[in-house]
Amino acid sequence: MTITHVAVVMPAYNEADGIAGFLAEIHAHVAPLVERLDIVVVADDRSTDATASVVDAVGLPNVIVQTQLANRGHGPTALAAYRAGLQTGADAIVHVDGDGQFDGADFPRVLRAFETTGADVVHGVRRGREDPWYRRALSASLRLLVSPFAGRAIPDINTPLRVYRPEALRALVEALGPDALVPHVHFSLAEARAGLRVRYVAVRSLPRRGAETTGTMWGTQGEPKLPPPRLRRFARDALGEVWRLSLRPGAPMRLLDGTGTGR
Ligand SMILES: Nc1nc2c(ncn2[C@@H]2O[C@H](COP(=O)(O)OP(=O)(O)OP(=O)(O)O)[C@@H](O)[C@H]2O)c(=O)[nH]1
Ligand SMILES: [Mg+2]
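Let us look at the structure shown here.

Each value, and the rule that gives it
- Residues numbered from 1 in each chain as written.
- Chains lettered and ligands numbered in written order.
- Predicted model: local features only at pLDDT ≥ 70, side-chain atom pairs only at ≥ 80, totals over all residues.
- Heavy atoms only, no water.
- Helix = DSSP H or I, 4+ residues; strand = E, 2+ residues; numbered from the N terminus.
- Rg over C-alpha atoms; globule rule 2.2 N^0.38 Å.
- Buried < 20%, exposed > 50% of the residue type's maximum accessible area, 1.4 Å probe, protein only.
- Contact = heavy atoms within 4.5 Å.
- Donors = N, O, S within 2.8 Å, 3.2 Å for Na, K, Ca; no water.
- Pairing = 2+ DSSP bridges.
- Axes fitted to C-alpha atoms, helices over the stretch in contact; angles between N-to-C directions.
- Polar contact = N/O pair within 3.5 Å; in protein donor to acceptor, adjacent residues only side chain to side chain.
- Salt bridge = Lys/Arg side-chain N within 4 Å of Asp/Glu carboxyl O.

To continue, consider the overall build of the chain. Scanning the chain from terminus to terminus reveals eight helices and seven strands. Over its C-alpha atoms the chain spans a radius of gyration of 17 Å, differing by no more than 12% from the 18 Å that the globule rule assigns to 263 residues. With the principal axes as the frame, the chain shows a C-alpha extent of 50 × 50 × 35 Å. The buried share of the chain, taken over its 263 residues, is 52%. The long-range share in the chain, meaning contacts at least 24 apart out of those at least 6 apart in sequence, stands at 80%.

What follows is the structure in structure tokens.
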């Protein structure tokens, strides 16, 4: 397969400081490889978030903002971004977070792995993450919880840097619905169980770009010693959701058997 059309999609909320540089970097590394590169940024209502106007002013071809009227959090916004990517007709849909925690120079390697292996999905496996102990503990618990269900080790189950074949992505997005808090965890599990071809490429993890040092999950400034209440609530809700939508007998994501995904 030769990729000619790539869509890069990303959620972005209050990323006005860092997003222009990140988009320019992605464009510089990906546009020369393909005939067409679309970039879709799903951002919040312009009246509350300058990100949308910064993206509008970025001056790169085929970069669009899809405005969301409400702040829906990362998961539903990522799912809206995936749906927008599917509508472009691209033969590879790349998801990445708008906070710029990846290096544009890694994108060509990830795309090459997608192209040369014929994978359904490639995960960018983050190296050099600098998370506090409780974020690492949360990731480790999640890994322990889901690996018996996945039947194989998944090195970075929640990574936001992924490349999807549209058929596989469409099946995953349709099965999950629009509101999941942790779509990437559900996707990783379903990919393993449906027998999709998943490839893993190590990529650099960077600090957030821009002035804000913490993301929307934290609810406080700086680096607190204990998990902030917002993160604790999120972790509880996300674990419940993983059980409900992916793990329990009859869960909707368990019904994906690979047939709808092109396997
Ligand atoms: N449009 C939109 N984007 C969002 C929303 N919530 C999060 N995002 C974006 O989703 C991405 C990931 O959110 P983060 O808050 O950075 O989550 P995180 O990466 O787990 O947290 P950090 O490790 O602190 O960066 C970022 O690019 C955010 O701007 C939302 O409600 N709306
Ligand atoms: Mg982040």
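Next comes the rest of the description.
Looking at where A140 falls in the secondary structure, it is placed in helix 5 (residues 133-150). Judged by relative accessible area, which is 30%, A140 ranks as partly exposed. Sequence-wise, A140 and V54 are 86 residues apart; in three dimensions their C-alpha atoms are separated by 36 Å.

Moving on, we come to the coordination of the magnesium ion (ligand 2). At 1.9 to 2.1 Å from the magnesium ion (ligand 2) lie its protein donor atoms, namely D99 (OD) and Q101 (OE1). With relative accessibility at 27%, the residue Q101 sits in the partly exposed group.

Time to look at the sheet that holds strand 3 (residues 63-68). Pairing in this open sheet of seven strands is mixed, and the strands run 3-2-1-4-6-5-7 from one edge to the other. Of all strands in the sheet, those with a lone pairing partner are strand 3 and strand 7 (198-204), marking the two edges. Each neighbouring strand pair of the sheet contributes to a mean axis angle of 20°, computed without reference to strand direction. Of the strands in this sheet, strand 1 (5-12), strand 4 (92-95), strand 5 (121-127), strand 6 (162-164) and strand 7 touch helix 4 (residues 107-117), which is tilted by about 165° from strand 7.

Our next topic: the side chain of H95. For H95, the position within the fold is in strand 4. Its relative accessible area of 0% is what places H95 among the buried residues. Among the polar contacts made by the side chain of H95, one reaches the main-chain carbonyl oxygen of P160 at a distance of 2.7 Å. Each residue touching H95, except ones within four places of it in the same chain, is listed here: V9, P11, H74, A78, Y82, P160, L161, R162 and H184.

So, about the side chain of H123. Mapped onto the elements, H123 comes out in strand 5. H123 sits in the buried class, given a relative accessible area of 1%. Within the structure, the side chain of H123 is placed 3.5 Å from the side chain of R162, a separation counted as a polar contact. A distance of 2.9 Å separates polar atoms of two side chains, one belonging to H123 and the other to E191.

Residues of strand 4 alternate between two faces, with A92 and V94 on one and I93 and H95 on the opposite face, all of them buried. Across four bridges, strand 1 lies against strand 4 in parallel orientation. Note on strand 4: the bridge partner recorded for V6 is A92.

Let's shift gears to helix 7 (residues 183-193). Within helix 7, 10 of the 11 residues are buried, which leaves it mostly tucked inside the rest of the structure. All of the buried residues along helix 7 are P183, H184, V185, H186, F187, S188, L189, A190, E191 and A192. G195 sits one or two residues past helix 7 and shows a positive phi near 70°.

Two side chains that carry opposite charge are able to pair once their charged atoms sit near each other. Under the defined criterion, the tally for this structure stands at 14 salt bridges. Between R236 and D237 there is a salt bridge; the shortest N-O distance is 3.5 Å. Owing to a relative accessible area of 56%, R236 belongs among the exposed residues under this scheme. For D237, a relative accessible area of 38% puts it in the partly exposed group.

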